[in-house]
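# Structural overview for review
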Amino acid sequence: MQSIAIISDIHGNIQALEAVVTDIKRQGADRIYCLGDLVGKGPNPAEAVDLLFEHCDVIVRGNWDDLVLQIEDDDQFRWHAEQLGSKRMEMLSKLPFSHDFIMSGRHIRLVHASPQSVYHRVQPWDDLEKRLGMFEFTSSLSEPLHPCQPPDVVVYGDIHNAYLQHLQGRTLVNCGSVGNPLDMTQASYIMLQGYCGQVHASEFSIHFHRVPYDIEHAVRAAEEAGMPGLKPYVRELRTGVYRGLQKAEE
């Protein structure tokens, strides 16, 4: 049996990422897959990219990874691009949209946000039709295993809120966020356990992991970096509440 750790939404928070990688190694994972948003928001995009490319077997593209490549007339995106440099920006530009594989007889699909787009957001409370859309085939998908057959399991990131739902015999999973969790103030990832490449059904499990890390160290790193968007980022780290909700409550 093998173990695959799935992480997402690091957002340049190297303190959280290092804590999670340490925990994944302690758990004895055979592989690490990342669902995007390596950069953005946090102060250490370059260090995060380097660490992720060193340790991850698969990395798919997130919306922030896409935005930092495209937007040049915004202080925040420009700051992150400058920290990354041209070589890392090129690495981000080559990230695939999705990744499919077989484990214990299950077709598993990984995307950042949805099979429609890295910008198409799906929440656990959305209507059933929208959530079932996570199992659809689209032209954006990277060489899907079975174009005419929906996957058994879809794992995604983007919303920074870990959960699992069974929908009409299929399983929708969000692995939460490593560097910017918005459900509780601990880094999040999941672990899949089963037999990689095995086409007939056998033992399979999904485990959720939460990892405490030194949030105040991450706050100090952000303050010392003098990065744009400091105040909402720090509030999110300390409270686990999305900046849009904080603004609406003020």
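Structure: see above.
Here goes a summary of the coordinates provided. On a predicted model such as this, the values are computed, not experimentally measured, just so you know.

## Quick word on the overall build of the protein
Counting its secondary structure elements, the protein contains eight helices and ten strands. Computed over its C-alpha atoms, the radius of gyration of the protein comes to 17 Å, within 12% of the 18 Å expected for a compact globule of 250 residues. Each principal axis of the C-alpha distribution contributes one length, and for the protein these read about 55 × 40 × 35 Å. For the protein, with 250 residues in total, the buried portion stands at 54%.

## Examining the nonpolar core
Formed by 40 residues in total, the largest nonpolar core has its most connected members in Ile7, Leu17, Leu38 and Leu52. For this core, the secondary structure elements donating two or more residues are β1 (2-7), α1 (14-27), β2 (31-34), α2 (45-55), α4 (75-93), β9 (187-194), α6 (215-225) and α7 (230-239). Of all the elements, α1 adds the most residues to this core, at six residues. When neighbours within four sequence positions are excluded, leucine 38 is seen to be in contact with Ile10, His11, Gly12, Ala48, Val49, Leu52, Phe53, Ile59, Asp65, Leu92 and Leu95. Counting 17 residues, the second-largest nonpolar core is a separate cluster that includes Val60, Ile108, Val155 and Cys175.

## A closer look at the packing of aromatic side chains
Within this structure, the stated rule accounts for three aromatic pairs. When the ring of tyrosine 33 is compared with that of phenylalanine 101, the centres are 5.4 Å apart and the planes differ by 80°; the resulting orientation is edge-to-face. Placement of tyrosine 33 in strand β2 and of phenylalanine 101 in strand β4 (residues 98-103) is noted, with a sequence separation of 68 residues between them. Classification of tyrosine 33 as buried rests on a relative accessible area of 4%.

## Structural notes on α4
With 19 residues, α4 extends just 20 Å between its outermost C-alpha atoms, more than 12% less than the 27 Å of an ideal straight helix rising 1.5 Å per residue. Approximately 105° is the largest bend angle found in α4, and it occurs at glycine 85. Within α4 the residues assigned to the buried category are Gln76, Phe77, Trp79, His80, Ala81, Leu84, Met89 and Leu92. At its buried positions, α4 is contacted by α2, α3 (63-70) and α6. For α4, the capping residue at the N-terminal end is aspartate 74, with a side-chain oxygen 2.9 Å from the backbone nitrogen of glutamine 76.

## So, the sheet that holds strand β5 (residues 106-111)
Taking strand neighbours across the sheet as the criterion, the five strands line up as β4-β5-β6-β8-β7 in an open arrangement whose pairing is mixed. Of all strands in the sheet, those with a lone pairing partner are β4 and β7 (163-167), marking the two edges. Ignoring strand direction, the axes of neighbouring strands in this sheet form an average angle of 20°. Where strand β6 (residues 153-156) and strand β8 (residues 170-174) come together, four bridges link them in parallel fashion. Within β8, the residue paired with tyrosine 156 across the bridge is asparagine 174.

Rules behind the numbers
Residues numbered from 1 in each chain as written. Predicted model: local features only at pLDDT ≥ 70, side-chain atom pairs only at ≥ 80, totals over all residues. Heavy atoms only, no water. Helix = DSSP H or I, 4+ residues; strand = E, 2+ residues; numbered from the N terminus. Rg over C-alpha atoms; globule rule 2.2 N^0.38 Å. Buried < 20%, exposed > 50% of the residue type's maximum accessible area, 1.4 Å probe, protein only. Core = buried A, V, L, I, M, F, W, Y, C linked by side-chain atoms within 4.5 Å. Contact = heavy atoms within 4.5 Å. Phe/Tyr/Trp six-rings, centres within 6.5 Å; stacked < 30°, edge-to-face > 60°. Expected span 1.5 Å × (residues − 1). Bend = angle between axes of the 7 residues up to and from the residue. Polar contact = N/O pair within 3.5 Å; in protein donor to acceptor, adjacent residues only side chain to side chain. Pairing = 2+ DSSP bridges. Axes fitted to C-alpha atoms, helices over the stretch in contact; angles between N-to-C directions.

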